[in-house]
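What follows is each chain in one-letter form.
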Amino acid sequence: MANSTPIIVKSLPAGPAGRSSPEGSQVLSKKKLQDLVREIDPNEQLDEDVEEMLLQIADDFIESVVTAACQLARHRKSNTLEVKDVQLHLERQWNMWIPGYGSDEIRPYKKACTTEAHKQRMALIRKTTKK
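Residues numbered from 1 in each chain as written. Predicted model: local features only at pLDDT ≥ 70, side-chain atom pairs only at ≥ 80, totals over all residues. Heavy atoms only, no water.

Before going further, it helps to examine the side chain of serine 78. Position of serine 78 among the secondary structure elements: in the loop between α2 (48–75) and α3 (83–94). The exposure class assigned to serine 78 is buried, which follows from its relative accessible area of 14%. From its side chain, serine 78 meets the backbone nitrogen of threonine 80 in a polar contact 3.0 Å long. (Helix = DSSP H or I, 4+ residues; strand = E, 2+ residues; numbered from the N terminus. Buried < 20%, exposed > 50% of the residue type's maximum accessible area, 1.4 Å probe, protein only. Polar contact = N/O pair within 3.5 Å; in protein donor to acceptor, adjacent residues only side chain to side chain.)

Structure, rendered in structure tokens:
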């Protein structure tokens, strides 16, 4: 008989500016976001609205990834969310691979073989652009 125990992702009460995570349990805080910006460009300063928007986008991304990964775990009849569920979703939907969390089950990206017709089209394009 199939396991019918649901996977529950607890929804947190809405915090400041309508964000769904309170300050203490956010994955990305304003300070961490500012540190990331300083690593890229020490002279860059984000507006308050931009910071809030980026934090909201990060929260939404995390929520969508966790929800989809939970659906994958449920599909494989498990009530435990595992790294492979998150990996599979990130690989298939976002074309992302997280270094250090490799798995034999997740196959690496393979470049598609180019067909002869494609090679001929590309040669024709190169020939016409040289003129």
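The end-to-end C-alpha distance of α3 is 16 Å, a good match for the 16 Å that 12 residues give at a rise of 1.5 Å each. Among the residues making up α3, those that are buried are Asp85, Gln87, His89, Leu90 and Glu91. Residues of α3 that are buried in the fold lie against α2. One or two positions beyond α3, positive phi appears at asparagine 95, with a value near 55 degrees. (Expected span 1.5 Å × (residues − 1). Contact = heavy atoms within 4.5 Å.)

As a further point, take the packing of aromatic side chains. Considering all chains together, one arrives at 1 aromatic pair under this definition. Here phenylalanine 61 and tryptophan 94 contribute two aromatic rings whose centre-to-centre distance is 5.0 Å and whose plane-to-plane angle is 80 degrees, an arrangement assigned as edge-to-face. Here the residue phenylalanine 61 occupies a position in helix α2, and tryptophan 94 occupies one in helix α3, the gap between them amounting to 33 residues. A relative accessible area of 43% places tryptophan 94 in the partly exposed class. (Phe/Tyr/Trp six-rings, centres within 6.5 Å; stacked < 30°, edge-to-face > 60°.)

Turning next to the packing of α2 against α3. The contact between α2 and α3 brings their axes to 8 Å, and the two run at 115 degrees. In terms of orientation, α2 and α3 fall into the roughly perpendicular class. Here the hand of the crossing between α2 and α3 comes out right-handed. In contact with Phe61, Ser64, Val65, Ala68, Ala69, Leu72 and Ala73 of α2, α3 contributes Asp85, Val86, Leu88, His89, Leu90 and Trp94. Here the contact of α2 with α3 is composed, by residue class, of 10 nonpolar, 2 polar and 1 charged. (Axes fitted to C-alpha atoms, helices over the stretch in contact; angles between N-to-C directions. Parallel < 35°, antiparallel > 145°, perpendicular 65-115°, else oblique. Left-handed = near helix turned anticlockwise from the far one by under 90°. Nonpolar A, V, L, I, M, F, W, Y, C, P; charged D, E, K, R; others polar.)

Attention now goes to the pattern of salt bridges. Oppositely charged side chains can form a pair if their charged atoms are brought close together. The final tally for this structure, using the stated rule, is 8 salt bridges. Note that lysine 84 and glutamate 82 form a salt bridge whose closest N and O atoms lie 3.8 Å from each other. Overall, the relative accessible area of 29% leaves lysine 84 in the partly exposed class. Residue glutamate 91 pairs with arginine 92 through a salt bridge whose shortest N-O separation is 3.4 Å. Connected through salt bridges with shared partners, the residues Arg76, Glu82, Lys84 and Asp85 form a single ionic network. (Salt bridge = Lys/Arg side-chain N within 4 Å of Asp/Glu carboxyl O.)

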